[in-house]
2 protein chains.
Amino acid sequence: MTPPKLLDEAALKERELLIINSAVLLIQKNGIENLTMDKVVAQVPFSKGTVYKHFIGKEDLLLAISNYSMEVLSDLFFRAYQFRGCARSRMLLLNFSYLIYAMLYPALFQCVLCAKSPNVVGKSSEKHISEGEMLEVKLMTSIHGIVEEGLNDNSLSLPLNMDIQQICFSNWSTAYGAISLLSGEVDQCSGRTSLIVERELFNLSNLLYDGMGWNPLTKDSNPCLELKSALDELFPEELAKIKAKGRELNFDSFSFS
Amino acid sequence: MTPPKLLDEAALKERELLIINSAVLLIQKNGIENLTMDKVVAQVPFSKGTVYKHFIGKEDLLLAISNYSMEVLSDLFFRAYQFRGCARSRMLLLNFSYLIYAMLYPALFQCVLCAKSPNVVGKSSEKHISEGEMLEVKLMTSIHGIVEEGLNDNSLSLPLNMDIQQICFSNWSTAYGAISLLSGEVDQCSGRTSLIVERELFNLSNLLYDGMGWNPLTKDSNPCLELKSALDELFPEELAKIKAKGRELNFDSFSFS
DNA sequence: TTCGTCAGTGACGTATCGTCACATATTAAA
DNA sequence: TTTAATATGTGACGATACGTCACTGACGAA
């Protein structure tokens, strides 16, 4: 006798999303440090027991939010990957899509950072942990694709003793470092007076690509203007939303004339 | 009538350090996610009220640990700064002192990362927050010094549209990104199979310096061998301790022959 | 109609937090 | 030496939040 299946997969997924969204709203309102399961339960048309069916604990919920957030990001990455233009430009574009994401969804970005802490991972379900690992691979896929195209069209050759994965990681960790240290959402890195995240990300990325010998080198082109118009074309809605929040990507302070 | 001063500054500081050390031991044993004030109080010859005199809460204690930890790091940085050798080599050395620190004091390193989260900062005392900001400046000082020497001896010129502070930040965020993503202490960055933190840090740093046009360029020297012997000379105790823990900096996998 | 299974509930036991009223120790003045 | 004033230390306690579990009700199979 097969046990009756009363709840379909889709409804479960939908409910999970509802809980996640409620939690995100609470984080936006009260800050991530004041998120409690009781508050989440109060926001949601389910009882505590039901919520705990989906997430084994607060940290597990946080990780699930982080995963959801990475899905959003991977969409941005993929759009950058698919854009026209040379590989190097698209890699820069991808890094900026990361920045756009951090500016547009600060609560989500915060969750991803927090979810990396052992505090969270240590208390989460295997399901969400492995889901998160899958998503990281998915993120890397777009990066990987761009690097491969750069290798194929000979604009990039592998530096001595480095393979594709290492190149991918270099780009990822560079963008990660700059954005997480400078994104205003994380109170870090004093002495950041006069540091502007979009400018530093731009400079760091280009220094890295120049160091790799990835053509066209900065001295041979004007990556800033190109980046600006690509962003306008590829992420018009996102940029508008950022503007609506009172922030704005500012390229005037460092455009090459 | 002047109020009697029963406790001198030094005794207070000493007690604070005792509490911090006890907490670090607990973190090493149980993981940072299981640290509770009750356990700390139980480990310490003071009562809860006294502990709360020093730290307004658990998060404040965590931030204080982070600050202590940054003091340890700034000593390593300073030693790298003072070493002989060209500026670029010492910058690389400094990045590796960061790695040594992350490997040698994983619990401390973890605390610094965790303390950056708004979860912690949002609940901490102004005193410890500003203390932390001072320490970040102190860390930057060593980096800043090396960059300035590079500028002075003309091995480095400022890239287009970048100032000293931006150069410093580039190096910091590069090292930060690579080490925090790859240090085994933080469960991050899947797909890191085959990524070796010391190798990636080495490559990333050199790509960055090459991108800046910082002499000597990689092709002109053997920075790997040079780095190795410098580390042996400057951090013999630390390297020995790392070895005693079963880990080891491995340069064989990527030395240029 | 009856029984078995499973989704859903929310009161409850436990853990941890941070406070506060009180106790003790130390110094200054009487 | 005694007394008053203040600094310092204590741990019991109320509040908050966590996660569980015994129970309810709904649905399908027999």
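What you see is a predicted model, and the numbers here were worked out from it, not measured in a lab.

Scoring rules and cut-offs
- Residues numbered from 1 in each chain as written.
- Chains lettered and ligands numbered in written order.
- Predicted model: local features only at pLDDT ≥ 70, side-chain atom pairs only at ≥ 80, totals over all residues.
- Heavy atoms only, no water.
- Helix = DSSP H or I, 4+ residues; strand = E, 2+ residues; numbered from the N terminus.
- Contact = heavy atoms within 4.5 Å.
- Lys, Arg positive; Asp, Glu negative; His and termini not counted.
- Charge placed at Lys NZ, Arg CZ, Asp CG, Glu CD.
- Expected span 1.5 Å × (residues − 1).
- Buried < 20%, exposed > 50% of the residue type's maximum accessible area, 1.4 Å probe, protein only.
- Arc of directions from axis to C-beta.
- Phe/Tyr/Trp six-rings, centres within 6.5 Å; stacked < 30°, edge-to-face > 60°.
- Lys NZ or Arg CZ within 6 Å of the ring centre and 35° of its normal.
- Core = buried A, V, L, I, M, F, W, Y, C linked by side-chain atoms within 4.5 Å.
- Least-squares fit on C-alpha atoms with pLDDT ≥ 70 in both.
- Salt bridge = Lys/Arg side-chain N within 4 Å of Asp/Glu carboxyl O.
- Axes fitted to C-alpha atoms, helices over the stretch in contact; angles between N-to-C directions.
- Parallel < 35°, antiparallel > 145°, perpendicular 65-115°, else oblique.
- Left-handed = near helix turned anticlockwise from the far one by under 90°.
- Nonpolar A, V, L, I, M, F, W, Y, C, P; charged D, E, K, R; others polar.
- Patch = residues over 30% accessible without salt bridge, like charges linked within 9 Å, V, L, I, M, F, W, Y side chains within 5 Å.
- Areas by Shrake-Rupley, 256 points an atom, 1.4 Å probe, with all protein chains shown as cover.
- Buried area = accessible area lost by both parts, 1.4 Å probe.
- Polar contact = N/O pair within 3.5 Å; in protein donor to acceptor, adjacent residues only side chain to side chain.
- Disulfide = S-S within 2.5 Å.

With that settled, the discussion passes to the overall build of chain A. The helix and strand tally for chain A stands at twelve helices and zero strands. In terms of overall dimensions, chain A has a C-alpha envelope of 65 × 45 × 30 Å along the principal axes. Contacts in chain A between residues at least 24 apart in sequence constitute 73% of all its contacts with a sequence separation of at least 6. Positive and negative charge centroids in chain A, built from 24 and 31 side chains respectively, lie 6 Å apart.

All names here are of chain A. Here helix α11 (residues 223-234) is twelve residues long and its end C-alpha atoms lie 16 Å apart, about the 16 Å a rise of 1.5 Å per residue gives. Buried within α11 we find Pro223, Cys224, Leu227, Ala230, Leu231 and Leu234. Taken end-on, α11 shows its buried residues confined to a sector of 130°, consistent with a single buried face. Of the surrounding elements, those touching the buried residues of α11 are α4 (58-82), α5 (87-104), α10 (197-212) and α12 (236-244).

Our next topic: the packing of aromatic side chains. Taken as a whole and assessed by the stated rule, the structure comprises 21 aromatic pairs over all chains. Ring geometry for A:Tyr101 versus A:Phe109: centroids 6.0 Å apart, planes at 80°, classification edge-to-face. Given the relative accessible area of 1%, A:Tyr101 is considered buried. Following the ring pairs from residue to residue traces out a cluster consisting of A:Phe77, A:Tyr98, A:Tyr101, A:Tyr105, A:Phe109 and A:Trp172. Above the ring of B:Phe46, the side-chain terminus of B:Arg15 is found at 5.0 Å from the ring centroid.

To continue, consider the environment of B:Gly213. Secondary-structure assignment places B:Gly213 in the loop between α10 (197-212) and α11 (223-234). The exposure class assigned to B:Gly213 is partly exposed, which follows from its relative accessible area of 33%.

Glancing now at the nonpolar core. Among the nonpolar cores identified, the biggest contains 181 residues, and A:Ile65, A:Tyr98, A:Leu231, B:Ile65, B:Tyr98 and B:Leu231 are the most heavily contacted of them. Beyond its immediate sequence surroundings of up to four residues, B:Tyr98 is in contact with B:Leu73, B:Phe77, B:Phe109, B:Trp172, B:Ala175, B:Tyr176 and B:Ile179.

This brings us to the relation of the copies chain A and chain B. For the pair chain A and chain B, the best superposition has an RMSD of 0.1 Å and corresponds to a rotation of 180° with a translation of 0.0 Å parallel to the axis. The relationship between the two copies is best expressed as a two-fold rotation axis. Considering only C-alpha atoms, the part of chain A nearest the rotation axis is A:Gly211, at 1.8 Å. Here 100% of the contact residues of chain A are again contact residues in chain B; the copies associate through an equivalent surface.

Before going further, it helps to spend a moment on the pattern of salt bridges. Any two side chains of opposite charge can pair, on the condition that their charged atoms come close. Summed over all chains, the structure comprises 22 salt bridges over all chains. The salt bridge involving B:Asp38 is made with B:Lys48; its shortest N-O contact spans 2.7 Å. Here B:Lys48 lies in helix α3 (residues 48-54) and B:Asp38 lies in helix α2 (residues 37-43), a separation of ten residues in the sequence. Looking at B:Asp38, the relative accessible area reads 49%, which means it is partly exposed. One continuous salt-bridge network, built from bridges that share partners, spans A:Asp75, A:Arg79 and A:Glu238.

Residues and elements named next belong to chain A. Omega for the bond connecting Asn215 with Pro216 falls within 30 degrees of zero, at -5°, which places this linkage in the cis form. The residue Pro216 is located in the loop between α10 and α11 in this model. Here Asn154, not a glycine, exhibits a phi torsion of approximately 65°, which is positive. On the secondary structure map, Asn154 appears in the loop between α8 (126-152) and α9 (164-182).

Here the focus is helix α1 (residues 9-30) of chain A. Within an α-helix, residues lying three or four positions from one another point in the same direction, as the helix has 3.6 residues per turn. Residues and elements named next belong to chain A. For α1, spanning 22 residues, the distance from its first C-alpha to its last is 32 Å, which sits close to the expected 32 Å at 1.5 Å a residue. Here α1 has its buried residues at Glu16, Ile19, Ile20, Ser22, Ala23, Val24, Leu26 and Ile27. The inward-facing, buried residues of α1 abut α2 (37-43), α3 (48-54), α4, α6 (106-115) and α8. With its phi angle positive at about 85°, Gly31 sits one or two positions after the end of α1.

Residues and elements named next belong to chain B. For the pair helix α4 (residues 58-82) and helix α6 (residues 106-115), interaxial distance at closest approach is 8 Å and the crossing angle is 125°. Comparing the axis directions of α4 and α6 gives the class oblique. The hand of the α4/α6 crossing is left-handed. Contacts between α4 and α6 involve Leu62, Leu63, Ile65, Ser66, Tyr68, Ser69 and Met70 from the former and Leu108, Phe109, Cys111, Val112 and Ala115 from the latter. Among the residues forming the contact of α4 with α6, the class breakdown is ten nonpolar, two polar and no charged.

Glancing now at the side chain of B:Arg88. Examined against the element boundaries, B:Arg88 turns out to sit in helix α5 (residues 87-104). Overall, the relative accessible area of 5% leaves B:Arg88 in the buried class.

Taken together, A:Lys39, A:Lys58, A:Lys123, B:Lys39 and B:Lys58 make up a surface patch of like positive charges. Summarising the element assignment, B:Lys39 is placed in helix α2. Look at B:Lys39 and you get partly exposed, because its relative accessible area is 35%.

Across the boundary between the two partners, chain A contributes 53 residues, which contact 53 residues of chain B. The junction of chain A with chain B conceals about 4,400 Å² of combined surface from both sides, 62% of it contributed by carbon and sulfur atoms. If you look at where chain A meets chain B, you find zero salt bridges. On inspection of chain A and its partner chain B, the count reaches four residue pairs in polar contact (both at pLDDT 80 or more). The class makeup of the residues in the side of chain A that touches chain B is 23 nonpolar, 20 polar and ten charged.

Turning next to the state of the cysteines. Under the counting rule described, the total for this entry stands at zero disulfides over all chains. In this structure A:Cys111 is not part of a disulfide, and its nearest cysteine sulfur, from A:Cys114, lies 6.6 Å away.

We now examine the packing of α10(A) against helix α9 (residues 164-182) of chain B. In the contact formed by α10(A) and α9(B), the axes pass within 10 Å of each other and the chain directions differ by 70°. Considering their axes alone, α10(A) and α9(B) lie roughly perpendicular with respect to each other. Contact residues: α10(A) offers A:Arg199, A:Glu200, A:Asn203, A:Leu204 and A:Leu207, while α9(B) offers B:Gln166, B:Phe169, B:Ser170, B:Ser173 and B:Thr174. A breakdown of the residues in the contact of α10(A) with α9(B) according to their chemical character gives three nonpolar, five polar and two charged.

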